[in-house]
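Fold and geometry: a report
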Amino acid sequence: MEKKWWKTAVIYQIYPKSFQDSNNDGIGDIGGIINRLDYLEELGIDAIWISPIYKSPQVDSGYDISDYQDIDPIFGNMEDMDRLIEECNKRNIRIIMDLVLNHSSDQHRWFQEAKKSKDNPYHDYYIWRDGKEGEVPNEMMAYFGGSAWEWVSELGQYYFHQFTPEQPDLNWHNEKVRQELYQMICWWMDKGIQGFRLDVIDLIAKEPDLCIAENGPKLHEYVRELSRSTFQKKPEIVTVGEAGNTGVESALLFSAQDGSELSMVFQFEHMDMAHKKENQINWVLPFDLLELKEILSKWQVELYGKGWNSLFWDNHDQPRIVSRWDNDPTYREESAKMYAMLLHGMQGTPFIYQGEELGMTNVAFDSITDYRDIAAKNLYDRMLGRGYTKEEAIELIQKDGRDNARTPMQWDKSLHAGFTKGTPWIKENPNYEEINAEDERKDPNSIFHFYRKLIQLRKEYAIFADGKYCLQDKENKESFSYLRSSDTEELYVVCSFVNGCSKVSIPERFLKDGVLLACNYEESLPEQLQPYEGRIYYRKKNAE
Ligand code: GLC
Ligand code: CA
């Protein structure tokens, strides 16, 4: 089988609202992305995944789409989009669009029609149940809190929504809905879009009457139909399904090598670990390195040769990796590089979220009025409603909230980090004077240049894409080590997770005739790791 381009590629996620503003209205836009393509080219990434830029009332930051074939005016227009496609083509950067197929906005024409009457042709595009006001059909809850059922008194019916009430769920059991979505996807493919990230794809086949939200019985049947009707028409298309509730077994179907479904999925076990759900509140627990090793190793081993992994730490829904797991801020640079090595040494397609390549950190706003995320606002109200203090709510949002990832990209030291000359829609992180792209581009030892190097290594050495993974030194509570090997080459990756020195045993052959491809310290010792030290060794096997 010919090797797919995305197996040696690195993909960069853009959250357009916060990337670069080009007209100083305080909101990032397509023009801003175009202005920064040279930066992305310098970084060396192969493709950009852009979070939704379709027409949207922005209740959930664009994940509530009111027209799948139009651009929201805050981001520009279709001409800007065409220009972006053209400019990306010139630089060999592919574009991956974000597809939200599970739900639409309540402002979408389909929903506006659907709620007119029970016999409107669009009524069945959504999920309705007869009922009485105040007596919800069942106990299903929405992800952002509250019931999943919303009452429409004119119809005497409830409709189903897994996120906010402004995001009604599409009825995938209706063939017409599926066909409309497929046509829309083909339209984007004809425009030159070369990939898609599929929002909450594991939710599309829900069975609300059975209280099944995730992994409905018809899920893989639908994904195969979707794939056949769209993506498979062009072999270069890459697809990543967001599947927060998927296990290995289902991921093997999603990413089956025959291409019958998708290219890969985002699984979230390593993001959901160290959390505990209680009272619909997701609490953060202490980090456990052994658990992280177990989870990542399981995915590496179980998908080897049969499926394909995506590799990521950050995205627009997650806190920043350098702030996430009791990292010591003194070692921000070291740990940012360490996390990069740990991830980029694995098998799969790495994703870099904007600012991760600079070591951008979480933000700590003191007041809920500075937060913008609907999930954070809902959580705050819910916590206060249950008797928690404002401080307790803010503490949790500071630690785990989605706005940590959504503060403006830190370009330079000028006002608002060079993101906008207007008033940013969300405040910038005050640390932009120390952490910004301009400084890092000038400094050959920066996190930015470290990422550049890792991206290049993946292209240079086949072992990064092909090598078989094997966890090493499993019980070590201070460092994470693994081996990657093929018939002819091998890699040894070792990463410290502590802010002091720790003992390590690296196989003799790597110390003797291995090449140190990457390290976040200028000098290192054979048997000891410095705080958050990471190394990637490489050696040819025939050197034995
Ligand atoms: C996905 C998106 C998230 C959004 C949700 C509902 O999880 O990543 O940002 O809120 O789906 O569309
Ligand atoms: Ca703008």
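Quick note: structure is the one above.
Here the structure is a predicted model, which is why all the values come from computation and not from measurement.

Considering the overall build of the protein chain
- A count of helical and extended segments in the protein chain gives 17 helices and 22 strands.
- Its C-alpha atoms give the protein chain a radius of gyration of 23 Å, near enough to 24 Å, the size a compact globule of 544 residues would have.
- The principal-axis extents of the C-alpha atoms in the protein chain amount to approximately 75 × 50 × 45 Å.
- Evaluated residue by residue, the protein chain yields a buried proportion of 61% over its 544 residues.
- The long-range share in the protein chain, meaning contacts at least 24 apart out of those at least 6 apart in sequence, stands at 70%.
- The centroid of the 63 positive side-chain charges in the protein chain is displaced by 3 Å from the centroid of its 93 negative side-chain charges.

Remarks on the coordination of the calcium ion (ligand 2)
- Of the protein atoms, only Asp21 (OD), Asn23 (OD1), Asp25 (OD), Ile27 (O) and Asp29 (OD) coordinate the calcium ion (ligand 2), at distances of 2.2 to 2.3 Å.
- Considered as a linear motif, the donors of the calcium ion (ligand 2) on their single chain read D-x1-N-x1-D-x1-I-x1-D.

Structural notes on the pattern of salt bridges
- Evaluation of the coordinates by the stated rule reveals 33 salt bridges.
- Put simply, Lys118 and Asp130 hold a salt bridge, and the shortest N to O gap is 3.4 Å. With Lys118 in the loop between helix H4 (109-114) and strand S6 (128-130) and Asp130 in strand S6, this pair connects stretches of sequence that are twelve residues apart.
- Here Lys118 falls in the partly exposed class, since its relative accessible area comes to 45%.
- Given a relative accessible area of 55%, Asp130 falls into the exposed group.
- A salt bridge links Arg406 to Asp373; the nearest nitrogen and oxygen atoms lie 3.7 Å apart. With Arg406 in the loop between helix H13 (390-400) and helix H14 (437-442) and Asp373 in the loop between strand S15 (349-353) and helix H12 (374-385), this residue pair connects regions lying 33 residues apart in the sequence.

Notes on the sheet that holds strand S2 (residues 47-50)
- If you walk across this open sheet you meet the eight strands as S11-S10-S9-S5-S2-S1-S15-S14, and the pairing is parallel. Bordering the open sheet on either side are strand S11 (264-266) and strand S14 (310-311), each of which pairs with just one other strand.
- Pairing between strand S9 (residues 195-198) and strand S10 (residues 238-242): four bridges, direction parallel. Counterpart to Leu198 in the pairing with S10 is Gly241.

Some thoughts on the pairing of strand S1 (residues 11-14)
- Side chains Ile11 and Gln13 project from S1 onto one buried face, and the interleaved Tyr12 and Ile14 project onto a second face that is buried too.
- Where S1 meets S15, three bridges bridge the pair, whose relative direction is parallel. Paired with Tyr12 across the bridge in S15 is Ile352.
- Relative to S2, S1 is paired through four bridges, and the arrangement is parallel. Among the inter-strand pairings, Ile11 is bridged to a residue of S2, identified as Ala47.

Things to note about the sheet that holds S6
- Across the sheet, three strands lie side by side as S6-S8-S7; this open sheet has antiparallel pairing. Of all strands in the sheet, those bounded by a partner on one side alone are S6 and strand S7 (149-152). Ignoring strand direction, the axes of neighbouring strands in this sheet form an average angle of 30 degrees.
- Sheet analysis places S7 next to strand S8 (residues 157-160), joined by four bridges and oriented antiparallel. Note that in S8 the partner of Trp151 across the bridge is Tyr158.

Quick word on the packing of helix H5 (residues 175-190) against helix H6 (residues 219-229)
- The interhelical angle for the contact between H5 and H6, taken along N-to-C directions, is 40 degrees, at an axis separation of 9 Å. Our classification of the angle between H5 and H6 gives oblique. The interaxial crossing formed by H5 with H6 has right-handed handedness. Together, Arg178, Tyr182, Ile185 and Cys186 of H5 and Tyr222, Glu225, Leu226 and Ser229 of H6 make up the contact between the two elements.
- Of the residues that constitute the contact of H5 with H6, the class distribution is five nonpolar, one polar and two charged.

Some points on the layout of surface pockets
- The volume enclosed by the largest pocket comes to roughly 1,300 Å³.
- Lining the largest pocket are 44 residues, with Tyr143, Phe144, Lys277, Asn282 and Arg402 sitting closest to its centre.
- Of all the secondary-structure elements, those providing two or more residues to the lining of the largest pocket are helix H8 (269-272), strand S12 (275-278), strand S13 (281-284), H12 and H13.
- The dominant element in the lining of the largest pocket, judged by the number of residues it contributes, is H12, at four residues.

Some words on empty space enclosed by the protein
- For the structure shown, the criterion picks out one cavity of 30 Å³ or more.
- The computed volume of the largest cavity comes to approximately 100 Å³.
- Together, 13 residues line the largest cavity, and Gln267, Leu296, Asn309, Ser310 and Leu311 are the ones closest to its centre.
- At the level of elements, helix H9 (289-303) and S14 are the ones that each hand at least two residues to the lining of the largest cavity.

Section: the packing of aromatic side chains
- Overall, the coordinates contain 41 aromatic pairs when judged by the stated rule.
- Seen in terms of ring centroids, Tyr54 and Trp188 are 5.9 Å apart; in terms of plane orientation they differ by 80 degrees. Their pairing is edge-to-face. Here Tyr54, found in strand S3 (residues 54-55), pairs with Trp188, found in helix H5; they are 134 residues apart in sequence, far enough to count as distant.
- With relative accessibility at 1%, the residue Tyr54 sits in the buried group.
- With relative accessibility at 0%, the residue Trp188 sits in the buried group.
- A cation sits over an aromatic face here: Arg36 above Trp411, 3.8 Å from the ring centre.
- A cation over an aromatic ring shows up here: Arg94 above the ring of Trp5, its NZ or CZ 4.0 Å from the ring centre.

A few points about the side chain of Ser297
- With respect to the element layout, Ser297 can be found in helix H9.
- According to the relative accessible area criterion, Ser297 is buried, its value standing at 9%.

The rules behind the values
- Residues numbered from 1 in each chain as written.
- Chains lettered and ligands numbered in written order.
- Predicted model: local features only at pLDDT ≥ 70, side-chain atom pairs only at ≥ 80, totals over all residues.
- Heavy atoms only, no water.
- Helix = DSSP H or I, 4+ residues; strand = E, 2+ residues; numbered from the N terminus.
- Rg over C-alpha atoms; globule rule 2.2 N^0.38 Å.
- Buried < 20%, exposed > 50% of the residue type's maximum accessible area, 1.4 Å probe, protein only.
- Contact = heavy atoms within 4.5 Å.
- Lys, Arg positive; Asp, Glu negative; His and termini not counted.
- Charge placed at Lys NZ, Arg CZ, Asp CG, Glu CD.
- Donors = N, O, S within 2.8 Å, 3.2 Å for Na, K, Ca; no water.
- Salt bridge = Lys/Arg side-chain N within 4 Å of Asp/Glu carboxyl O.
- Pairing = 2+ DSSP bridges.
- Axes fitted to C-alpha atoms, helices over the stretch in contact; angles between N-to-C directions.
- Parallel < 35°, antiparallel > 145°, perpendicular 65-115°, else oblique.
- Left-handed = near helix turned anticlockwise from the far one by under 90°.
- Nonpolar A, V, L, I, M, F, W, Y, C, P; charged D, E, K, R; others polar.
- 1 Å grid on protein atoms, 1.4 Å probe; cavity = no way out; pocket = protein on both sides within 12 Å on 5 of 7 lines; lining within 4 Å.
- Points joined across faces, edges and corners; volume = space filled by probe spheres on them.
- Phe/Tyr/Trp six-rings, centres within 6.5 Å; stacked < 30°, edge-to-face > 60°.
- Lys NZ or Arg CZ within 6 Å of the ring centre and 35° of its normal.

Remember that the coordinates give geometry; whether it matters functionally is a separate question.
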